[in-house]
Amino acid sequence: MTVLEARDVSYQYSVGTPFQITALEHISFSVEKGELLAIIGHTGSGKSTLIQHFNALLKPTSGQILLYGKDINETKETARDARFKVGLCFQYPEYQLFESTVYKDIAFGPGNMGLSKEEIDARVRRAAAFVGLTEPMLEKSPFDLSGGEKRRVAIAGVMAMEPEVLIMDEPAAGLDPRGRRKILEMIENYRRQTGSTVIIVSHSMEDVASLAERILVLNHGKIARMGTVDEVFSHAEELQNMGLNIPQLTGIFTRLNQLGYGVNPLTYTVEQAKTEILRYLHKGGAADG
Amino acid sequence: MVKDITIGQYFPGNSFIHKLDARAKLIVTFIALIEIFVCKNFFSLALIFIFSIVSILISKISFKVVLKGLKMIYLLIALTSILQIFYNEKGKVLLEWWKIKITSGGVNTAIFMAVRIITLIFISSLLTYTTSPTALTDGIDRLLSPLKKLKVPVDTLAMMMTIALRFIPTLIEEIDKIMNAQKARGADLETGSLLKRAKALIPIFIPLFVNSFRRAYELAFAMECRCYNGSNHRTRMKTMKFSWRDFVAFLWVAVMLAAIILLNHFFGAVI
Amino acid sequence: MENDSLIKFNDVSYRYESDTDTPLPLAIKNIDLDIRKGEFVAVLGHNGSGKSTLAKLANAILAPESGKIFVNGMDTSDESLEYEIRQTVGVVFQNPDNQIVATIVEEDVAFGPENLGIEPKEIRRRVDDALKSVGMYEYRFHEPHKLSGGQKQRVAIAGIMAMQTECIILDEPTAMLDPKGREEVMKAMQRLNKELGVTIVLITHYMDEAVKADRVIVMDSGRIVLDGTPRQVFAEEETIEKAGLELPDCAKLAHALKRSGVNMPSDILTPDEFVEAFQRCVSGGGVL
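Residues numbered from 1 in each chain as written. Chains lettered and ligands numbered in written order. Predicted model: local features only at pLDDT ≥ 70, side-chain atom pairs only at ≥ 80, totals over all residues. Heavy atoms only, no water.

A. View of the overall build of chain A. Check the secondary structure of chain A and you find twelve helices and ten strands. Relative to its length of 289 residues, chain A is compact, with a C-alpha radius of gyration of 21 Å against a globular reference of 19 Å. Counting the 289 residues in chain A, one finds 54% classified as buried. Sequence-distant contacts, at least 24 apart, represent 63% of the contacts inside chain A between residues at least 6 apart. Working note: accessible area of chain A is about 12100 Å², and carbon and sulfur atoms make up 49% of it. (Helix = DSSP H or I, 4+ residues; strand = E, 2+ residues; numbered from the N terminus. Rg over C-alpha atoms; globule rule 2.2 N^0.38 Å. Buried < 20%, exposed > 50% of the residue type's maximum accessible area, 1.4 Å probe, protein only. Contact = heavy atoms within 4.5 Å. Areas by Shrake-Rupley, 256 points an atom, 1.4 Å probe, with all protein chains shown as cover.)

Take a look at the structure:
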């Protein structure tokens, strides 16, 4: 089932001034219920502009954004509804924390939805559990936490609204490998347990390849390609021409494949790669190398 | 919205006016502003108004930009003019209706005041449009440097001004980001009572303050690492030197001052 | 060799001041370290491993609790030498926005030399040279806030270069940048090191950046746990993972294959090396 759809969306900044810039041009695609979509593109390709359309923070200059088939910009109410149904977590979200305790900060979103106290409490606790925040941490000031913990509090603040679609812009940016892994595991868990739709914007092709089902490639405000992870990464050269990378292992396996070794170039994780090489060596691939 | 403000912006260029020494420009602007208030009739005012228009033409700043700067004070101009029209009772009566009397004196003063404010804005914004904030700060710094003898920390004040100018765009961007982030969490900044709206600002201002303190702390470290200690031993890469252009500018405003006084004298005063 | 030493840590410990009565644990524990002139050293560690504290100690922003640090033979705990030490060792920080002072690129680069009281003509020359060395000369009249992250960071590097420091310590300079910005900054650092002989200390948690260094130091809970060439360090997979770091995928794969009995070397650094090693492995029969 289609949850979210962009229908011929174009967006221009500063319309009617000499500074007018076209940020998005004729974007059309849809997101299916429960899928994990990754959006990739170099800085300035329009990724951030696009995701701000999904919760009505920006209105398309032309075209429509549909949530369950209904235009979210139809009335003020539908736009406000989209704010809650489509949760948007910006880059470096820890810089938006403001409350005196972690608990209160996570409760800010659900509080704005006008829910009952009990419901808010239940949601805060559920969200805290998703991101691995312990009970005593909920009573701490968010400003006393480490960088990685702050990030998780901020993400929990969006998750607690229990949106149908969760959008995250570079959720792991700037974290060390341990923090990175934690965040990515957390996203996996959240999706498995809630069955929600998740959209991730990321510069890390390794993360994209291991997490996503489909990838949307943006280039200069246009959709350059959209498809499954395999479909997109089988166009390595095209991606590189847009200033994008491919996962390191995919690069290696593409090379090996071109050198005549019968390995699958569309290999992304270390685990997959190991299995693939062992398979190749065991079937006696040494002969055709 | 916040990004539309053009007053105080700098538009780099290579014109005669851009090339003037910042100190010279500050002094010339200051004199020109005084001259606006010296004007007593339309002839002298016309002179300085034309001077401001010619200066804008020389600077090659587009009139669109300059007029955009006026936008902020349309209301002020309108208000002053209307007050003049209704409350000035000098001169011939042009129109009388109920208690309202419009006189030629009123209309004249209204136009005079409007032109005066517009000229004021033109001349003062031309200063910021054509002078980089750093050059402006440097200029003020050096013009005020005699105050150092009175133990006024002119250097430190100038440094503070530079840093403020440097961080204004960064903070505007940051406010924008925080606002979007809180809106995404359902914060309602546009509706409700005054109290409710004031309360809605808390989620914006607390992160802004916290982040600004963090920035200030990091900036202080970085400045220390680059050997800044607020002493007077600093030198400057850009030395300021008066050139022939600056003397032309000085001469220009001096001649204009003389002309204004003459025009004031020969033709009667409007106000 | 003693004369070649630029930064020398002798049994240094440091702890941050605590807000409460109970003192915080040591951030740096009994570190001995010698950074030589002209080296490109990468210091790796997870957040809180003490790697950033190392930078602040070397620049005399912090003074050690015990032990001594010498920069070109100058004791960093001697406050009268502070100025000279900072002229020898400059620091570039993580957030490019919070270290740029002026509203025009070239004026920011001039900030350091201006503080040192250098002649205007000489400042001009240094600023131009510094901007050229990081490839930002054509942006000299731009406003810093309109530049990309990678460009801002290169301006920050130029700001240190203009002080003609012998060594630049970069504290996670790429953590907030996109891949393109990271590459720009890496290239600038390599160029300064190779062409101008500037000593570079790169503090990072990206292993793939460390590959390009001459020497890699891995820190964990305030101690140095590994110190050697990238090749030596990358072979120690277990210690690296214990330190909260991750090898690049190509190295991880080589280790995994080796454990499964495939004849792969354990010191793979780059994808190219992996491909070569794999070819050798296949033509040599593959399995051990």
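B. Representation of the domain arrangement of chain C. Considered domain by domain, chain C is made up of domain 1 (2-230) and domain 2 (248-288). When each unit is reduced to the centre of its C-alpha atoms, the spacing between domain 1 of chain C and domain 2 of chain C is 35 Å. (Domains from an automatic or database assignment.)

C. Main features of the packing of helix α3 (residues 42-59) of chain B against helix α11 (residues 244-266) of chain B. All names here are of chain B. Two elements in contact, α3 and α11, have axes separated by 8 Å at closest approach and are oriented at 155 degrees. Taken together, the axis directions place α3 and α11 in an arrangement best described as roughly antiparallel. Residues Phe43, Ser44, Leu47, Ile48, Phe51, Val54 and Ile58 of α3 pack against Trp252, Val253, Met256, Ala259, Ile260, Leu263 and Asn264 of α11. Residue classes in the contact of α3 with α11 are distributed as twelve nonpolar, two polar and no charged. (Axes fitted to C-alpha atoms, helices over the stretch in contact; angles between N-to-C directions. Parallel < 35°, antiparallel > 145°, perpendicular 65-115°, else oblique. Nonpolar A, V, L, I, M, F, W, Y, C, P; charged D, E, K, R; others polar.)

D. View of the interface of chain C and chain B. At the junction of the two partners, chain C supplies 38 residues and chain B supplies 31 residues. Contact between chain C and chain B buries roughly 3200 Å² in total, counting both sides, with carbon and sulfur atoms accounting for 57%. Connecting chain C to chain B are six salt bridges. The residue lysine 238 of chain B makes a salt bridge to glutamate 106 of chain C at a minimum N-O spacing of 2.8 Å. Taken together, the elements giving at least two residues each to the side of chain C that touches chain B come down to α2 (82-88), α3 (105-109), α4 (111-115), α5 (120-133) and α6 (149-161) of chain C. It is α4 of chain C that contributes the most residues to the side of chain C that touches chain B, five residues altogether. Its residues placed into classes, the side of chain C that touches chain B shows 19 nonpolar, eleven polar and eight charged. (Buried area = accessible area lost by both parts, 1.4 Å probe. Salt bridge = Lys/Arg side-chain N within 4 Å of Asp/Glu carboxyl O.)

E. Focus on the packing of helix α5 (residues 74-87) of chain B against helix α6 (residues 104-130) of chain B. Residue and element names in this part refer to chain B. Contact geometry for α5 and α6: axes closest at 7 Å, N-to-C directions at 160 degrees. In terms of orientation, α5 lies roughly antiparallel with respect to α6. The hand of the α5/α6 crossing is right-handed. Residues Ile77, Thr80, Ser81, Gln84 and Ile85 of α5 touch α6, and the partners they reach there are Gly106, Val107, Thr109, Ala110, Met113, Ala114, Ile117 and Ile118. (Left-handed = near helix turned anticlockwise from the far one by under 90°.)

F. Representation of the packing of aromatic side chains in the model. On inspection of all chains with the given rule, the structure shows 21 aromatic pairs over all chains. Centroid distance tyrosine 261 of chain A to phenylalanine 278 of chain C: 5.3 Å. Interplanar angle 75 degrees. Geometry classified as edge-to-face. Of the two residues, tyrosine 261 of chain A sits in the loop between α11 (248-258) and α12 (270-282) while phenylalanine 278 of chain C sits in helix α12 (residues 271-283), which places them in two different chains. Look at phenylalanine 278 of chain C and you get buried, because its relative accessible area is 0%. By the ring-pair criterion, three or more aromatic residues cluster together here, those being Tyr261 and Tyr280 of chain A together with Phe274 and Phe278 of chain C. The ring centre of phenylalanine 242 of chain B lies 4.3 Å from the NZ or CZ of arginine 23 of chain B, which sits over that ring. Sitting above the plane of the tyrosine 137 of chain C ring, arginine 140 of chain C keeps its charged end 4.0 Å from the centroid. (Phe/Tyr/Trp six-rings, centres within 6.5 Å; stacked < 30°, edge-to-face > 60°. Lys NZ or Arg CZ within 6 Å of the ring centre and 35° of its normal.)

G. Up close: the pattern of salt bridges. Residues and elements named next belong to chain C. Counted by the stated rule, this structure contains 56 salt bridges over all chains. Glutamate 195 serves as the salt-bridge partner of arginine 191, at 3.1 Å between the closest nitrogen and oxygen. One end of the pair, arginine 191, and the other, glutamate 195, are both in helix α7 (residues 179-196), four residues apart, so they sit about a helical turn from each other.

H. Local environment of a nonpolar patch on the surface. Residues and elements named next belong to chain B. Together, Leu79, Ile82, Leu83, Phe86, Tyr87, Trp97, Trp98 and Ile100 make up a nonpolar patch on the protein surface, roughly 990 Å² of accessible area in all. The element that contributes the greatest number of residues to the nonpolar patch is α5, accounting for five residues. Here leucine 79 is to be found in helix α5. (Patch = residues over 30% accessible without salt bridge, like charges linked within 9 Å, V, L, I, M, F, W, Y side chains within 5 Å.)

I. Molecular detail of the interface of chain B and chain A. On the chain A side, the residues contacting the 17 residues of chain B number 19 residues. For the interface between chain B and chain A, the tally reads one salt bridge. For the salt bridge of arginine 185 of chain B with aspartate 105 of chain A, the shortest nitrogen-to-oxygen distance reads 3.1 Å. Where chain B touches chain A, the interface holds six residue pairs in polar contact (both at pLDDT 80 or more). Those elements that provide at least two residues to the side of chain B that touches chain A are α8 (154-184) and α10 (202-225) of chain B. (Polar contact = N/O pair within 3.5 Å; in protein donor to acceptor, adjacent residues only side chain to side chain.)

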